[in-house]
Amino acid sequence: MSEFIAKLPKVELHMHIEGSMMPAMLLQLAEKNKVNIPYETLEEVEKAYQFKDLTEFVNIYLQGTEVIKSAEDFYVLTMEYLHKCQKQNIQHTEVFCDIRTYVDRGLPPEMVIEGIEAGFKDGLSQLGITGGMIPCFIRHEGAEKAWEDWQFYQQHTQRFLGIGLAAVEVGFPASMFNELFLEVRATGLPVVAHAGEEGSADYIWSAIRDIEVDRIDHGIKALEDPELVKYLQQTQIPLTVCPCSNTALHVFKSMDQHVIGQMLDLGLNVTINSDDPAHFGAYLQENMEAVQQHCGITDEQIIRMTYNAIDASFADAQRKNELAKNLDFYLESLSN
Ligand code: ADE
Ligand code: ZN
């Protein structure tokens, strides 16, 4: 374990709340809510958390969400993740959620936001952690379902940090949702989208041109297109890169093939994140350690990515200032 990384004050910008459901929590919620799942032991769940690609992962991930039935369940899940944040000194975190998964099962969409919101309220008062939620549209469900989701989301915009686009990417470019995101943007909410995770650089262009994203989630395929690299260098659009997710979903064969070092060398605005820490067996700290061990990422680059994450967060100016000061203070304490 790296003591430098363990103590570093951190910020996470890309983490799906159901992706923090550890095997023990999955079994516990299944028992409580009397949901039949195809696993009986921790070992069986851990074995199932092996994925061929993004589509297979999304299917297993969505199957796991069947154990979640109430706002209380979302609260428990959020608190478990925020306690983990405290252990890893993650001081601010922005988590993805969606309602489509639950609406399709006849469950009330309010339960998602009520549970996560209650978690963040206690996370702030008990642990001093700030952040909030970014509800997503599920892109492979198509634009019509996303419009339905928006009918709900738009009644609660003040409870969200932004709106996102997630799930299966290839075949579902951001351009499918351009009119919807015009409406989203008109509310003043920031927009983020998964792009260039499995899909080509064109998917990143679509997120930029068709829905005018404020941040790109993943963006690792940007290096395929020199024009796009130039554009990202000039605009400094933040990229929320998730290294252990990318190797778990076989976008790269192994961590030493990950392009995060090249992205940093090119001056792109890279941040580091966990995506689905329970499924990929790595929270933010382990993601940072993995790129140090296998990609030659230095402490200075970890620091740079942490300042990038503070800047790219949707925290208000006062909180950003505080987060930057906490980081400055930590770095000063090392040099004394
Ligand atoms: N939902 C949860 N994790 C995801 C990922 N890595 N990509 C797209 N959608 C997701
Ligand atoms: Zn993601």
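Placed above this text is the structure.
Keep in mind it's a predicted model, so treat the numbers as computed, not measured. (Residues numbered from 1 in each chain as written. Chains lettered and ligands numbered in written order. Predicted model: local features only at pLDDT ≥ 70, side-chain atom pairs only at ≥ 80, totals over all residues. Heavy atoms only, no water.)

A. Spatial organisation of the coordination of the zinc ion (ligand 2). Within the protein, His-14 (NE2), His-16 (NE2), His-194 (NE2) and Asp-275 (OD) serve as the donor atoms for the zinc ion (ligand 2), at 2.0 to 2.2 Å. Here the zinc ion (ligand 2) is ringed by four donor atoms whose angles at the metal span 84 to 173°, and the overall shape comes out irregular. In terms of primary sequence, the donors binding the zinc ion (ligand 2) are separated according to H-x1-H-x177-H-x80-D. Note that His-16 is positioned in strand β1 (residues 10–16) and Asp-275 in the loop between β8 (270–272) and α14 (277–280), a separation of 259 residues in sequence. Each member of the pair, His-16 as well as Asp-275, is classed as buried. (Donors = N, O, S within 2.8 Å, 3.2 Å for Na, K, Ca; no water. Tetrahedral: all angles 85-135°; square planar, octahedral: opposite > 155°, others 65-115°. Helix = DSSP H or I, 4+ residues; strand = E, 2+ residues; numbered from the N terminus. Buried < 20%, exposed > 50% of the residue type's maximum accessible area, 1.4 Å probe, protein only.)

B. Just unusual backbone geometry, in detail. Phi angles above zero are rare outside glycine, and His-218 is one such case at about 85°. Here His-218 shows up in strand β6 (residues 215–218). With relative accessibility at 0%, the residue His-218 sits in the buried group. In this structure, Asp-275 is a non-glycine residue whose phi angle is positive, near 70°. The exposure class assigned to Asp-275 is buried, which follows from its relative accessible area of 2%.

C. Examining the pattern of salt bridges more closely. Taken as a whole and judged by the stated rule, the model has 12 salt bridges. Lys-32 serves as the salt-bridge partner of Asp-73, at 2.5 Å between the closest nitrogen and oxygen. In this pair, Asp-73 sits in helix α5 (residues 71–88) while Lys-32 sits in helix α2 (residues 23–32), placing the two residues 41 residues apart along the sequence. Among the ionic pairs, Glu-94 bridges to Arg-215, the shortest N-O distance being 3.0 Å. (Salt bridge = Lys/Arg side-chain N within 4 Å of Asp/Glu carboxyl O.)

D. Fine view of helix α4 (residues 54–64). Along α4, the positions that sit buried rather than exposed are Leu-54, Phe-57, Val-58, Ile-60, Tyr-61 and Gly-64. Packed against the buried residues of α4 are β1, α2, α3 (42–48) and α14. (Contact = heavy atoms within 4.5 Å.)

E. Inspection of the nonpolar core at higher detail. Judged by nonpolar contacts, the single largest core of 110 residues is most densely connected at Phe-137 and Ile-260. Not counting residues up to four positions away in its chain, the partners in contact with Ile-260 are Val-241, Pro-243, Val-270, Ile-272, Val-291, Cys-295, Ile-297 and Met-305. Listed in part, the six residues of the second largest apolar core include Phe-96, Ile-134, Cys-136 and Leu-161. (Core = buried A, V, L, I, M, F, W, Y, C linked by side-chain atoms within 4.5 Å.)

F. Quick peek at the sheet that holds β1. Here four strands make up an open sheet; going across it, the order is β1-β2-β3-β4 and the pairing parallel. The strands lining the two open edges of the sheet, one partner per strand, are β1 and β4 (164–166). With strand direction ignored, the average angle separating the axes of adjacent strands in the sheet is 30°. Both β1 and strand β2 (residues 90–97) contribute to a ladder of five bridges, which runs parallel. Following the sheet pairing, Val-11 is matched in β2 by His-92. Across the sheet, helix α17 (residues 317–335) is in contact with β1, β2 and β3 (130–138); its angle to β2 comes to roughly 130°. (Pairing = 2+ DSSP bridges. Axes fitted to C-alpha atoms, helices over the stretch in contact; angles between N-to-C directions.)

G. Quick look at the site of ligand 1. By nearness alone, every residue bordering ligand 1 is listed as His-16, Leu-54, Phe-57, Tyr-61, Ala-166, Ala-167, His-194, Glu-197, His-218, Asp-275 and Asp-276. In the model, a nitrogen atom of ligand 1 is placed 2.6 Å from a nitrogen or oxygen of the Asp-275 side chain. For ligand 1, the accessible surface in isolation is 260 Å², of which the surrounding protein chains cover 98%. Looking at the shell around ligand 1 element by element, the count peaks at three residues for α4. Partitioned by chemical class, the residues of the shell around ligand 1 number five nonpolar, three polar and three charged. (Near = heavy atom within 4 Å. Polar contact = N/O pair within 3.5 Å; in protein donor to acceptor, adjacent residues only side chain to side chain. Areas by Shrake-Rupley, 256 points an atom, 1.4 Å probe, with all protein chains shown as cover. Nonpolar A, V, L, I, M, F, W, Y, C, P; charged D, E, K, R; others polar.)

H. Structural detail: the pairing of β3. With eight of its nine residues buried, β3 lies for the most part within the structure. The sheet contact formed by β2 and β3 spans six bridges and is parallel. Along β3, the bridge assignment pairs Phe-96 with Ile-134. The sheet contact formed by β3 and β4 spans three bridges and is parallel. Paired with Phe-137 across the strands is Leu-165, a residue of β4. Considered for its hand, the β-α-β crossover made up of β3, helix α8 (residues 142–153) and β4 is right-handed. (Right-handed = clockwise from strand over helix to strand, strands pointing away.)

Read these as layout, nothing more, since geometry by itself doesn't imply function.
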